[in-house]
Every structure is written in structure tokens, then in C-alpha cells.
Amino acid sequence: MSSAVLTTRAAVPAPVPRHFANAGWYALILPAFLLMTAIYVAPILQVLAISVTEPTTGLDNYERLLTNAGVQRAIVTTLRIGLITTAIALLLGYVLAYVVALASPAAQRWWLLAVLVPLWISVLVRAFAWVTLLRRQGLVNQGLMNAGIIDAPLALVWNELGIVIGMVHYMVPYAVLPMLASMREIDPRLLAAARGLGASRFTVFRRVFFPLSAPGLAASGVLVFIFSLGFYITPAILGGGRTLMAAEWIKMQILDIVRWGMGAMLATVLVIAILTTLAVFSRVVNLKRLFGAGA
Amino acid sequence: MSQAHALSLVGLTKRYGSFTAVNDVSLDVAQGQFLTLLGPSGSGKTTILMAIAGFVAPSAGAILLDGREITPLPPEKRDFGMVFQGYALFPHMTVAENLAFPLRVRGMERAERDTKIRATLDLVQLSQFAERRPSQLSGGQQQRVALARALVFEPNLLLLDEPLSALDKKLRAELQDELKTLHRRIGRTFINVTHDQEEAMSLSDTVAILNHGKLIQIGAPDALYDRPRTRFVAGFLGKSNMISGRIAERIGATARVSVGATTLTQRLATGATGDTVLLSLRPERIALLGDGETAENMVEGHVSAWSYLGAGHSLTVETTDLGSLRLTLPTWRAPFAPAEGLTLRLGWPSDAAAPVEDDGDE
Ligand SMILES: Nc1ncnc2c1ncn2[C@@H]1O[C@H](COP(=O)(O)OP(=O)(O)OP(=O)(O)O)[C@@H](O)[C@H]1O
Ligand SMILES: [Mg+2]
């Protein structure tokens, strides 16, 4: 998962001073800015450099995007799994956030704890836990067979299904938090007002609650999608090496067949894709507000 | 147009655990009336309004609309318009869409909807703001949108929870007038909640005074002001001098009430010789007596404090037996510039003060 964290961190743009009148204040964050540059920006620039110099100088590596079936398959797989994961994580996360938002304050604390606890468990542990649960002799298949629902074990792991299950599990808390934040901002009086005006519970949800929580939904969507593009450990373990996503493909290029240029090229493409997503999204919605900065 | 409706509360009670927020409140609102629930903070006004609207389930008692029980109906089935404190306008909809909301959920056709929305926006003088978002409106305009949204579907009853409390004083006075005119024009039943006694008095046909969840007194504003039933009502509806005395002698409908060494003549329907009475005397009922002028009740005292209010003076006069009396004089009637220590003679007729029950609340 480390690579997912890396790409996302890098994707958050470094603070750029807008008003030079505030130069004094920006000087205060200079050390942090330099650290960010040294740790995140410089390595990324180096990756970019490798992608246009190895093995020869030029855009040869990028040309492969159009010709190489392997890299194309990795990209399509990554996008497909990313979209499916995002859709499912959003759906589950929305339901969960809705339940939490409407719970009593005391219940909310327990719910929140339940949502956040998985974040503290190593991704490696969780991936192996899923393998144990989902494999042919795993708890799920055994249970279903003992209950007589199925005759032969289902292929729940070492395929895309397994990857999606593992990734959704990982992503749900990330999906819940921005949505919960925007749901909490909804004035409960609006919901009461809507009912008083004659709307049924469902109409109140559809016409008032849902539209008001939509910015949070969009934020979660972007967050989850960006995260899922960079997943490494979960697909590697739950995919059983048969389904290659971008991160594993990059690792293979660099570590197994030592084609640094190709690996760096796809890494660069990923970073650019993420930055583009964020740029497009920030045109539509106020990012700062969504991720909690600013009032 | 649907008709205005009459509403009754019968023994309405709401308990939260061991705490009783509303205690056995019964009252009737006649068709087309403007009723205001008035009381200090925490007296249960909002709880009563929410019970009428259907958001709070009563612990006991019933709510009747035109004699038909509606207590178990959910809010959306009651057809009441409601203006929430803080307005609760939908921020993601324009003014017109806010007004369309109650019409759409009732399945009204678009053309009819548009006609109704236009007419209602005209009514509250907001026609040119139809396409704005609530956040682009001033407080007073938002308030009018909330009112329009509550009226657009021609509800049985309009419920208002402190509709004007968020506005500044001048705007509040303006909107009070508008609200009153609107009520006359559309002839619907309005139930309003406020803790502002002036607003209650100026708007309502009937005021219900609440304290600690109990209904203390209900009646027309002037009746409440002139004949408060308890000390609390007298103190809550404007200022009042409280005089505690003992009936010394009864002569028909009047009584001689002794307060220390002073004896007052007071119209009193009940009470026997020897009973203690508590009288509420409004500051504006006390007159300043000139040389040779007399009144049924006369006391002497000296000015201990005064303030200039523009239209009048407010004086505090220390007397030997009645303690400090507060009185207000119209500026043009004040024959002097008030000064501390000035000795004055005060007088009032036997029907100026009202006997009140002592409920221990100021
Ligand atoms: N959900 C609740 N749980 C417990 N107590 C409540 C609840 N709602 C209201 N109360 C209590 O009931 C009492 C009456 O509340 P209510 O909101 O009706 O007062 P109010 O007269 O509207 O006051 P204000 O003028 O401050 O709005 C208060 O003491 C309040 O603390
Ligand atoms: Mg209230």
C-alpha cells in the first residue's frame, strides 16, 4: 500500500503563494516546503527524468503506451478495478456515513471508532486475512458449502473479485470520512422543514439530503479513485499474480526485467492522471472546503 | 382556497425522562385567529409548536383540528405551513424552487405551480428574487421566502417559531406589520412563538403565556396587560409595580387595603377583610399630582432615579410604605426636569391596579 500513499501525497499540490503581500507568512512554511521538495518533489522529478532517458533519450517509452499490449492491459485493468472499487466503496461508505450521521452523538462515537479501527491494521495483515477467508477452503466457501448453498467452492480470491473485495475493504473508511463531514454540515431543520412541507421520508432524502451530501460524495469518489490507482500490496496478494495493476506492473518492469524507463514512464503517467483528475475536480468543487481546510 | 381551521390542545403534556417540558396545556385557537405562545426561554413554546406540527410525540393529551384528532398523524400528513427559527430554506434551491418544493411533493402540474409561486412571491414582495439562492438574500428577504414557502401550498394552519428573532429591531417592526397585514388578507389561522412580549402584543388576537411548561393565562393582549392573573404575567408583559397589602375593610365592590401606614382604595371583586392581596400597578397608570389635585389613592415620595426615553420619562420614586414605585410620564406632561431627591405626589384611581395571584415568579 506504500505506493498508494506515496502517489496521493505527491498529488496534493504544494502550497503556492498567491498573494505576495503574504510573503512573510509564507517564509514561515519555507522549511516544510523545502522538506516536501526534497522528499517528494525531487524523486518524482527524477522518475520523470528516467522515463525520458532510459534506455535512450526521447519519448520512446511513451510511444509504447500506444503499441505495447502489456502496458495497455495494465492501464485498462487498473482503471476498471479502480472504477468498480470506487463505485462499491462509495455505495457502502454512503450508507455507513448516513447511518453514522443520523445516529445519536453517543452512538456516533462508537460508529466512528468502528470505521476507523481498520485503518490502524496493516494492509498486509488485512490482505492475508482476506485470503484466509476467501480461499477455496476458507471460511466463506466452507460456510456456504456446509449450508448447502453451493456444491463447489467459488473462486473468490486470486482474481479480480478478490482484489476488489480487498480494495473496497481498505477504501471504505476513506470514503466515509469526507461524506460524513458533508452530511454533518446539513442542518437537521432542513429535513424537518421538508417533512413539514409534505415530503415523505424518501422524498426528503432524494430532494434534500442527497443533493446536500453530494459534494462529500464527489470528494470521496475522487479520493477513493486516486487511491485505487496506486494500490500495490492488496492486488499483489489477492490477485495471485494473475491480474496486473499499474503499481505491480511498474514493480515488475523495474525489479524483475530491469526496464527502468518503462516503469518510470507508467509511474509518470499515473502521477499525471492523478493531477489531472484533481485539477478537473477542483474546477467543479471547492477542494479546500471538501478536504477540511478553510471554513 | 381551503378554509382556515380551528385547533385545540387538550391536556398536552411532553416529558423528557423525569423532566416535564410541557405540562397539561389545554387551549383553543379559533378559525382565522392569530395566537401567540409567549414565555421565557425554556418554557416549552417550541415543544408545543413541534407537537402541533407533528415533530414531537406528546406523552399525553390530544391535538384536534376542527374537532378531529390528529395526534398520531406524521408531519407530512398534517398540511401545516411552518416557518422555522433560522428559516430552514433549502440552500441548494433557488427561491422559486424552494416554493415549488411543497407543490411538487403534492404532485401539482407545472403550469399551476408557476402561477401559485408567482402569486405568493407577489404577496411577500419578492417577485424579482425568484431565481436567487437563499444565500444571496438579506435576512429579511430570507424570512419572507420562508413565509412564502409556508404559505404557497395554502396550508390549514401556519406555524411560526420565532420568525422575527434573527432580525434587527427596525426590520422586525416592519415585518411585524407585514405579517399582521398578511394575516388579515389571507384570513388563515396563525400560531406564532416568541419570547418578545411587544411582538406578541402587537401581532396577536390571543396570547397564551407559558412558564415552566404550564399555561399561565390566555386571552386578548389588552386583557392580559390590564388584568394579569398572576404576578408572573404582570411582570412578563411589561413593567409593573407590585404592592402587597391586607384588606382592612370592604365597601361593596371596593376595599380599603392597608400597606404599612398607608391605606389604598382598590376595586376588588373577591377577598374578605383580613386577607392579603397583591396588586399590580402599571407605571403609566400612576399620575403626577399638581398642587391641590387629588386622587382616590395618593402617596408622596422622592425621585431616586430617572431615565429619558424620548417619548417619555421613566421615574423611580421612593415611598415610605409602598417601596419604590416606577412610573412613566409622557415628556410633554412632565412639568419639570427630573432631579434626584425631588419630592413628588403621586395618585391613581381605585381601578388602576389589578389584583394578582402570587405565583412566586417575578
Ligand atoms: N429533546 C429534548 N430532550 C430533553 N429536554 C428537552 C428536549 N427538547 C426540549 N427540552 C427541554 O424542554 C424545555 C422546553 O424547551 P423548548 O424548546 O420548548 O423551550 P422554548 O420555550 O422554545 O425556549 P426558547 O425560547 O429558548 O426557544 C427546555 O427546558 C428544554 O431543555
Ligand atoms: Mg424555542
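Keep in mind that what you see is a predicted model, and the values were worked out from it rather than measured.

(A) Representation of the interface of chain A and chain B within the structure. Across the contact, 16 residues belong to chain A and 21 residues belong to chain B. Carbon and sulfur atoms make up 69% of the area that chain A and chain B hide from each other, which totals about 1700 Å². For the pair chain A and chain B, the number of links is one salt bridge. For Glu76(B), the salt bridge identified is with Arg195(A), shortest N-O distance 2.7 Å. Taken together, the connections running from chain A to chain B amount to four residue pairs in polar contact (both at pLDDT 80 or more). Those elements giving two or more residues to the side of chain A that touches chain B turn out to be α10 (188–196) and α11 (201–229) of chain A. Sorting elements by how many residues they give to the side of chain A that touches chain B places α10(A) first, with seven residues.

(B) Examining the sheet that holds strand β19 (residues 343–348) of chain B more closely. Residue and element names in this part refer to chain B. In spatial order, the strands read β15-β19-β16-β17-β18; together these five strands make up an open sheet with antiparallel pairing. Looking at strand neighbours, the two that pair on one side only are β15 (287–288) and β18 (324–330), the edges of this open sheet. With seven bridges connecting them, strand β16 (residues 297–308) and strand β17 (residues 312–319) associate as antiparallel partners. When the sheet's bridge partners are listed, Trp306 is paired in β17 with Leu315.

(C) Spotlight on the UniProt feature "domain: ABC transmembrane type-1" (unreviewed entry) in chain A. Here the UniProt feature "domain: ABC transmembrane type-1" (unreviewed entry) sits at residues 75–281 of chain A. Helix makes up 78% of residues 75–281 of chain A and strand 0%, whereas the separation of the span's terminal C-alpha atoms amounts to 21 Å.

(D) Quick peek at the site of ligand 1. Residue and element names in this part refer to chain B. In the vicinity of ligand 1 there are 13 residues, among which Ser41, Gly42, Lys45, Thr46 and Thr47 approach most closely. Ser41 places a side-chain nitrogen or oxygen 2.4 Å from an oxygen atom of ligand 1. Contact between ligand 1 and Gly44: an oxygen atom at 2.9 Å from a main-chain N or O atom of the residue. Against a free-state accessible area of 630 Å², the protein chains account for coverage of 61% of ligand 1. If you list the elements that add at least two residues to the shell around ligand 1, you get β2 (19–29) and α1 (45–53). Broken down by element, the residue count for the shell around ligand 1 peaks at three residues, all from α1. Across the shell around ligand 1, the residue classes tally to four nonpolar, seven polar and two charged.

Conventions we followed
- Residues numbered from 1 in each chain as written.
- Chains lettered and ligands numbered in written order.
- Predicted model: local features only at pLDDT ≥ 70, side-chain atom pairs only at ≥ 80, totals over all residues.
- Heavy atoms only, no water.
- Contact = heavy atoms within 4.5 Å.
- Buried area = accessible area lost by both parts, 1.4 Å probe.
- Salt bridge = Lys/Arg side-chain N within 4 Å of Asp/Glu carboxyl O.
- Polar contact = N/O pair within 3.5 Å; in protein donor to acceptor, adjacent residues only side chain to side chain.
- Helix = DSSP H or I, 4+ residues; strand = E, 2+ residues; numbered from the N terminus.
- Pairing = 2+ DSSP bridges.
- UniProt positions renumbered as here; feature names shortened; annotations may be inferred.
- Near = heavy atom within 4 Å.
- Areas by Shrake-Rupley, 256 points an atom, 1.4 Å probe, with all protein chains shown as cover.
- Nonpolar A, V, L, I, M, F, W, Y, C, P; charged D, E, K, R; others polar.

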